[in-house]
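# Topology and contacts: notes
Listed here are the chains, written in short residue letters.
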Amino acid sequence: MKPARVIKSIGNQCTLETSEGRILPGILKGKLRLKESESTNPIAVGDYVHIEWDATAQVALITEVLPRHNYIIRKSNKLSKQTQILASNIDNAVLIVTPLFPKTSTGFVDRYIATAEAYHIKTILVFNKSDVFDGESAALIDDYVAIYEPLGYTCLRTSAKNITGIEELKLLLKDKTSLVAGHSGVGKTSLINLLAPGVNLRTGKISKQHGKGMHTTTFAEMLHLPFGGYIIDTPGIRELGTVDFEKAEISHYFVEMQAMMHQCKFHNCLHLNEAQCAVKQAVEVGTIHPMRYYNYLSILNNEDNFN
Ligand code: GDP
Ligand code: ZN
C-alpha cells in the first residue's frame, strides 16, 4: 500500500491523507509510542506513514513512520535540549517579501535563506504587492532580484490584489511540499486564498501602529493545493526554530561563500580578519555582494536586527 501523509498532528494523534485523497484520523500504534526519540513528537506534519485500519476504533493505526528526507525543528522550550519537529519532507521554502508596508530587509531574507539552507531547503522569493511597486520600491525589488537570482534563488513578482504572477507561483508549487513564510502583512493569507480558494483564511487589516497586519499564524498547518502539492503555513523565522548556528558553519549556508571557502588559508576561517581569506577578497573585488557579506557578519555577531 502507498504511504499516507500526516497533514495535521497533535501529540500521538493526527489527521492523515491517503494516496487516494481520503482523510482519516490516525494514531500511533502502541509500540511506536514508546520508542526513544530526541524530539518530543514522534509524528510530524509532512511525515509519510504506513497504516492499518482499525475497524473497531475507526482509526488508522500508524505502524511505521518512513525516513524523513528533511525536517525543520524548534526547541520545545528555551532551556530544554529536546526539540519538536515542526514539519518534514519539504521541497521549497517560499518567503514572501514586500519593499514597504511592511518592509522586508535583506538581513531578514538572508537569515531565512541561510536557515533553510541548513535544513537543505531552497528558498523561493516571492515579491508581493507588485501593484504598488513604483520608483524607489520597484528599484529596491530589482536590486533584490539582481542579488538573489544569480545565487540560484527563484524570484517572482506577484500581486494578490491584481492577481498577477499567481499562475507562475502555482507552477512553482505544483506537486511540491512548500513552506510559506513572511512578515505579518506581506499578503501571505491573500496569496494562500488565491492558491487554495476553499481555505478562506481571514485577512487582517494593516495595523496603523506597526504597518504590519494583525493576522498571525502560530501553528504549522498543511494545506492541500487543489492543483497538486501542499503548503505549510509557518510563522516567522524566529518561531520557525532557527537552528543555533555554530559560528564556523554559518558561511556554509551562504552559497557563494561556500563555493570559495576552501580557498581560504585556514580551514576554520570565519572570513573576518584572517590572512589570505578568499571570501574577503571576493567581497573586495565585488564577486560577493557587500550586502550579503554584511548580513553574514550580523548573523555571526548574533545581531538581532532582522526586520
Ligand atoms: P498576511 O499578514 O501576510 O497574511 O497578509 P494579508 O493577506 O492579511 O494582507 C495584509 C494586507 O495587505 C491586507 O490589507 C491585504 O488586502 C493587503 N494585500 C495583500 N496582498 C496585496 C497585494 O498584492 N497588493 C496590495 N496592494 N495589497 C495587498
Ligand atoms: Zn575566509
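Summarised in this report is the structure supplied together with it. (Residues numbered from 1 in each chain as written. Chains lettered and ligands numbered in written order. Predicted model: local features only at pLDDT ≥ 70, side-chain atom pairs only at ≥ 80, totals over all residues. Heavy atoms only, no water.)

For the rest of this paragraph, the subject is the overall build of the protein chain. Within the protein chain, the secondary structure is distributed over eight helices and 13 strands. Burial analysis of the protein chain (307 residues in total) assigns 48% to the buried set. Pairs at least 24 residues apart make up 63% of the contacts formed inside the protein chain by residues separated by at least 6 positions. With an accessible surface of roughly 16000 Å², the protein chain has 53% of that area assigned to carbon and sulfur atoms. (Helix = DSSP H or I, 4+ residues; strand = E, 2+ residues; numbered from the N terminus. Buried < 20%, exposed > 50% of the residue type's maximum accessible area, 1.4 Å probe, protein only. Contact = heavy atoms within 4.5 Å. Areas by Shrake-Rupley, 256 points an atom, 1.4 Å probe, with all protein chains shown as cover.)

A few words now on the packing of aromatic side chains. Inspection of the entire model under this criterion finds four aromatic pairs. Geometrically, the ring pair formed by Tyr-144 and Tyr-148 is edge-to-face, given 6.5 Å between the ring centres and 80 degrees between the ring planes. Pair noted here: Tyr-144 and Tyr-148 are both in helix α3 (residues 135-148), with a separation of four residues, about one helical turn. Per residue, the accessibility class of Tyr-144 equals that of Tyr-148, and both read buried. (Phe/Tyr/Trp six-rings, centres within 6.5 Å; stacked < 30°, edge-to-face > 60°.)

Of all the residues in helix α7 (residues 278-285), the buried ones are Ala-278, Val-279, Ala-282 and Val-283. Looking straight down α7, one finds its buried side chains confined to an arc of 140 degrees; they lie on one side. Facing away from the buried side of α7, by more than 90 degrees, are the exposed residues Glu-284 and Val-285. Once α7 finishes, Gly-286 follows within two positions and takes phi at roughly 90 degrees, a positive value. (Arc of directions from axis to C-beta.)

This next bit is on the nonpolar core. If you look at soluble globular proteins, the nonpolar side chains tend to sit buried side by side. If you look at the biggest cluster of nonpolar residues, it comprises 34 residues, and the most contacted ones within it are Ile-72, Leu-95, Ile-121, Leu-125, Phe-127, Tyr-148 and Leu-179. Within the residue set of this core, elements represented by two or more residues are β6 (71-75), β7 (83-88), β8 (92-97), α2 (106-118), β9 (122-127), α3, β11 (177-182) and β13 (230-233). Of all hydrophobic cores here, the second largest spans 22 residues; its members include Ala-114, Tyr-253, Cys-264 and Ile-288. (Core = buried A, V, L, I, M, F, W, Y, C linked by side-chain atoms within 4.5 Å.)

Once that is clear, we can look at the coordination of the zinc ion (ligand 2). Coordination of the zinc ion (ligand 2) by the protein involves Cys-264 (SG), Cys-269 (SG), His-271 (ND1) and Cys-277 (SG), with metal-donor separations of 2.1 to 2.4 Å. For the zinc ion (ligand 2), the donor residues sit on a single chain with the sequence spacing C-x4-C-x1-H-x5-C. (Donors = N, O, S within 2.8 Å, 3.2 Å for Na, K, Ca; no water.)

Before going further, it helps to examine unusual backbone geometry. Omega for the peptide link from Phe-101 to Pro-102 comes to -5 degrees, which places this bond in the cis form. Note that Pro-102 resides in the loop between β8 and α2. At His-120, a position not held by glycine, the phi torsion is positive, near 65 degrees. Turning to its location among the elements, His-120 is positioned in the loop between α2 and β9. Not every positive phi belongs to a glycine, and His-271 is a case in point at roughly 60 degrees. In this fold, His-271 is placed in the loop between α6 (255-258) and α7. By relative accessible area, which is 1% here, His-271 ends up buried.

This paragraph deals with the site of ligand 1. With respect to spatial proximity, 18 residues lie near ligand 1, and among them Asp-131, Ala-160, Gly-185, Thr-189 and Ser-190 are the closest. Between ligand 1 and the protein, one listed contact pairs an oxygen atom with a side-chain N or O atom of Lys-129 at 3.1 Å. Lys-161 places a main-chain nitrogen or oxygen 3.3 Å from an oxygen atom of ligand 1. Taking 580 Å² as the accessible area of ligand 1 by itself, protein coverage stands at 83%. Its residues placed into classes, the shell around ligand 1 shows three nonpolar, eleven polar and four charged. (Near = heavy atom within 4 Å. Polar contact = N/O pair within 3.5 Å; in protein donor to acceptor, adjacent residues only side chain to side chain. Nonpolar A, V, L, I, M, F, W, Y, C, P; charged D, E, K, R; others polar.)

Turning to the pattern of salt bridges, a few remarks are in order. The final tally for this structure, using the stated rule, is nine salt bridges. Across the salt bridge formed by Arg-292 and Asp-110, the nearest N and O atoms sit 2.6 Å from each other. On the criterion of sequence distance, the pair formed by Arg-292 in helix α8 (residues 290-300) and Asp-110 in helix α2 is long-range, its members being 182 residues apart. One exposure class covers both Arg-292 and Asp-110, and it is buried. (Salt bridge = Lys/Arg side-chain N within 4 Å of Asp/Glu carboxyl O.)

Next up on the list: the sheet that holds strand β5 (residues 59-65). What the five strands build is a closed barrel, ordered β1-β2-β3-β5-β4; its pairing is mixed. Recorded for the sheet is a direction-independent mean angle of 50 degrees between the axes of neighbouring strands. By the bridge criterion, two bridges tie strand β1 (residues 4-10) to strand β4 (residues 48-54) in an arrangement that is antiparallel. When the bridges of β4 are listed, Arg-5 appears paired with Tyr-48. (Pairing = 2+ DSSP bridges. Axes fitted to C-alpha atoms, helices over the stretch in contact; angles between N-to-C directions.)

By themselves these figures say nothing about function.
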